[in-house]
Amino acid sequence: MATSTSVVTRIAGLILAAVTAGTAVSACTPRPDGPGPAAAEFFAGLGRGDTGAAAQLSDRPTDAHAALNEAWAGLQASHLDVQILGSRYTEDTGSVNYRFTWELPKRRNWTYDGVLNMVRDEGRWRVRWSSSALHPKLGENQTVELRADPPRRASVNELGGTEVLVPGKLFRYQLDAARAGVNLMSSARVVADVLRQFDETLNPQRLAEQASSSNGPMDLITLRPSDHDKVAGALDTLPGVVVTPQAEMLPTDDTFAPAVVGEVKKAVLNDLDGEAGWRVVSVNQNSADVEVLAEVPPKPAPSVSLTLDRLVQNAAQHAVDSQWRKAMMVVIKPSTGEILAVAQNGAANADGPAATTGLYPPGSTFKIVTAGAAMSRDMATPNTLLACPGVMEIGDRVVPNYNRFDLGVVPMSKAFANSCNTTFAELASRMPPTALTVAASQYGIGADYVIEGLTTVTGTVPPTVDLAERTEDGFGQGKVLVTPFGMALTAATVAAGKTPTPHLIAGSRTVETGAHPPADPAILDGLRSMMRLVVTNGTAKEIDGLGEVYGKTGEAEFQGGSHAWFTGYRGDLAFAALIVGGGSSSYAVRMVRSMLEELPDAFLA
């Protein structure tokens, strides 16, 4: 006679065992002479990880024990929950339907239904062992294993959507004396010859000696894929040479803002991995995968977008690369604060991220701040007539104009356009100690911005009671120091009517500290009119004709020379350019002109 049972009641003794062992076993209430109780005991032992006890309830204890251990190890399981869904038997054979829920690493669960075949021998029910007892799709001599399925790392893109950083591999080269054996010296000679293109100091004898005294493989060099391709044929099969690929985010273009991209990589690396998927596979006795039994696909992280614009970055980079002296440029979008370009030439790279952290006297570009301070204190307007003598004595300081040019008495706008040091030195001399400090803060100078993926400094304008220092500060000498980033922010403030919050990584938050009062709109209108005059009738006439450009030139003197500056904006593109020791500001103007000429017509105009 056949008997069947159905879901789901608890057996008190098994519940107690399950609770004690941290395993839940659900069961129906079978007839005492059915296979259910024996199966429940088997499941209880299996669920609490007592594979030996479970195996003893089978007709092939040795084979079952080995298979159960393999399953637990292959799945890296921490827990198994079992439900008995029903049972059936006829005479001395039967079956028990079950539901397994394995708890796998990283809070993963694998649930499936199966059938446990049972046999009665001399009145006692036992598990008829086969691999399918663990999973219905397992064949003989097969087991189950968990496989991680990591997603492809996300890329980092520039503003236009093209990739800047992509997942790739670096190749770590080592020399292992133990593996090289008697070939150590000959291998060392080949290694030195082949790798000398990357390291001229390599010496075969020294390499062999160092490898011999090393406790393990000795590091030689880590190469990018293109360099690895050059040497792989000669080194990869050499006795004692160990090559290990290493996952890494690699730039698609080594010349694209290398200092910035390197810092961005550190900032976003943990955001690129996404969520790994996983698979459970059946594996045969040769450790070959047979079938996928369960699969959860990986969830790749979204790509990271930068505000850098490839068109602007490349144009700025080409412009600074035309200079043999240290040259740099920062470009910001005034309406949003997006940092569109940070460019430095090779000479400037020796100083680190100089475009965003290097402090230099701003020279006459600081007259934007001085003029703003004078207007805010009702000392002058763009139309106010002011003296612009070739030389002016203020206290014990003699202030000259460039080549001592003398304009006589002119509107402040003309003094600004022609960069009269004497005019702005005199205005600063009549201001209180903190006037220029406060005015500079209205244009972003002095504030500290914590920008994800980029280290920045704006500048410093210390207050001073010393008349000579304040006089020199008025035309950007003295104790005033700024970065190209700070001056680009100043130009962006004039363009936008307020200081934009600079940022580099889309979706990131920039934290600003330091006083930052807003500038008066009427004063900004005055500055705009004067900065336009610089281009149409002043010291930046070389850039006139490239759209409606507003700017201010500067030459900041130091012992033995002067720095060449130009800062300004065109439409929604604010910039600051510096050539360290470049002399005449006309060179900085030409550098910006070169950038604008490379951009499409009316770009962001």
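Whatever comes next refers back to the structure up there.
Per chain, residues are indexed from 1 in the order of the written sequence. Selection of residues for local features in this predicted model requires a pLDDT of at least 70, selection of side-chain atom pairs for listing and counting requires 80 or more, and totals for whole chains, interfaces and linings are taken over all residues. To obtain the side-chain values, all non-hydrogen atoms of the structure were used and water was disregarded.

Points about the overall build of the chain
Point 1. Helix and strand definitions here come from DSSP, where helices need a minimum of 4 consecutive H or I residues and strands a minimum of 2 consecutive E residues; each element is numbered from the N-terminal end. Counting secondary structure elements, the chain contains 20 helices and 27 strands.
Point 2. The C-alpha atoms of the chain give 38 Å as radius of gyration, which overshoots the globular expectation for 605 residues (25 Å, by more than 25%).
Point 3. Summarising its shape, the C-alpha atoms of the chain cover approximately 125 × 65 × 45 Å along the three principal directions.
Point 4. Taking contacts inside the chain between residues at least 6 apart in sequence as the whole, the part at least 24 apart equals 67%. Each radius of gyration is computed over the set of C-alpha atoms, and the globule rule expresses the reference value as 2.2 Å times the number of residues to the power 0.38. The contact criterion used throughout is that any non-hydrogen atoms of two residues lie within 4.5 Å.

What about the state of the cysteines?
Point 1. Working definition: a disulfide is two cysteine sulfur atoms within 2.5 Å of each other. In the structure shown here, the tally under the stated rule is one disulfide.
Point 2. The residue that forms a disulfide with C388 is C420, at a sulfur-sulfur distance of 2.0 Å. Linking C388 and C420, the disulfide has an S-S dihedral of approximately -90° and is accordingly described as left-handed. Of this pair, C388 sits in strand 17 (residues 385–388) while C420 sits in the loop between helix 14 (412–417) and helix 15 (421–429); the two residues are 32 residues apart in sequence, bridging distant segments of the chain. Each member of the pair, C388 as well as C420, is classed as buried. Whether a residue is buried, partly exposed or exposed follows from its accessible area with a 1.4 Å probe, protein chains only, as a fraction of its type maximum: under 20%, in between, or over 50%, in that order.

Details of the packing of helix 6 (residues 184–195) against helix 7 (residues 204–213)
Point 1. Running from N to C, helix 6 and helix 7 cross one another at 125°; their axes reach a closest spacing of 8 Å. It follows that helix 6 is oblique to helix 7 by the angle criterion. As helix 6 packs across helix 7, the resulting crossing turns out to be right-handed. Residues L184, M185, A188, R189, V191 and A192 of helix 6 form the contact with helix 7, whose own contacting residues are P204, Q205, L207, A208, A211 and S212.
Point 2. Residues are grouped as follows: nonpolar covers Ala, Val, Leu, Ile, Met, Phe, Trp, Tyr, Cys and Pro; charged covers Asp, Glu, Lys and Arg; every other residue, Gly included, is treated as polar. Class assignment of the residues belonging to the contact of helix 6 with helix 7 gives a composition of nine nonpolar, two polar and one charged. Where helices are involved, their axes are fitted lines through C-alpha atoms of the stretch in contact, as for all axes, and angles between N-to-C directions lie from 0 to 180°. For classification purposes, angles smaller than 35 degrees are called roughly parallel, those larger than 145 roughly antiparallel, those between 65 and 115 roughly perpendicular, and all remaining angles oblique. Rotating anticlockwise by less than a right angle from the far helix to the near helix defines a left-handed crossing, while the corresponding clockwise rotation defines a right-handed one.

Describing the sheet that holds strand 7 (residues 143–149)
Point 1. The sheet built from three strands is open, its strands ordered 7-12-13 with antiparallel pairing. Looking at which strands have only one partner, the edges of the open sheet turn out to be strand 7 and strand 13 (289–296). When the angles between neighbouring strand axes are averaged without regard to direction, this sheet yields 30°.
Point 2. With six bridges connecting them, strand 12 (residues 277–283) and strand 13 associate as antiparallel partners. Across the sheet, the residue bridging to V283 is D289, located in strand 13. Only when DSSP finds a minimum of two bridges between them are two strands counted as paired.

Regarding the sheet that holds strand 25 (residues 549–558)
Point 1. Strand order in the open sheet formed by five strands is 16-15-27-26-25, and the pairing between neighbours is antiparallel. Every other strand in the sheet has two partners, leaving strand 16 (339–344) and strand 25 as the edge strands with one partner each. Geometrically, the sheet is characterised by an average inter-axis angle of 10° between neighbouring strands, direction not taken into account.
Point 2. Note: strand 26 (residues 561–570) against strand 27 (residues 573–579), seven bridges, orientation antiparallel. Note that in strand 27 the partner of W565 across the bridge is L578.
Point 3. Together, strand 15 (327–332), strand 16 and strand 27 form the strand contacts of helix 10 (residues 310–321), whose direction differs from that of strand 16 by roughly 25°.

Overview of the environment of E426
Point 1. Residue position: E426 is located in helix 15.
Point 2. Placed 179 residues apart in sequence, E426 and A247 show a C-alpha to C-alpha distance of 61 Å.
Point 3. The residues contacting E426, other than those within four sequence positions of it, are M392 and I394.

Digging into the pattern of salt bridges
Point 1. For this document, the term salt bridge refers to a Lys or Arg side-chain nitrogen within 4 Å of an Asp or Glu carboxyl oxygen. Counting across every chain of the model gives 22 salt bridges.
Point 2. Between R528 and D525 there is a salt bridge, with its nearest N and O atoms 2.5 Å apart. Taken together, the residues R528 and D525, both in helix 19 (residues 521–537) and three residues apart, mark about one turn of the helix.
Point 3. Residue D525 is classed as partly exposed on the basis of its relative accessible area, which comes to 47%.
Point 4. The partner of E542 in a salt bridge is R590, and the shortest N-O contact between them spans 2.7 Å. Placement of the pair is E542 in the loop between helix 19 and strand 25 and R590 in helix 20 (residues 585–598), with a sequence separation of 48 residues.
Point 5. On the basis of relative accessibility, which here comes to 38%, the residue E542 falls in the partly exposed class.
Point 6. Residue class for R590 comes out partly exposed when judged on its relative accessible area of 39%.
Point 7. Because the salt bridges share partners, they merge into one network encompassing E145, R147 and D289.

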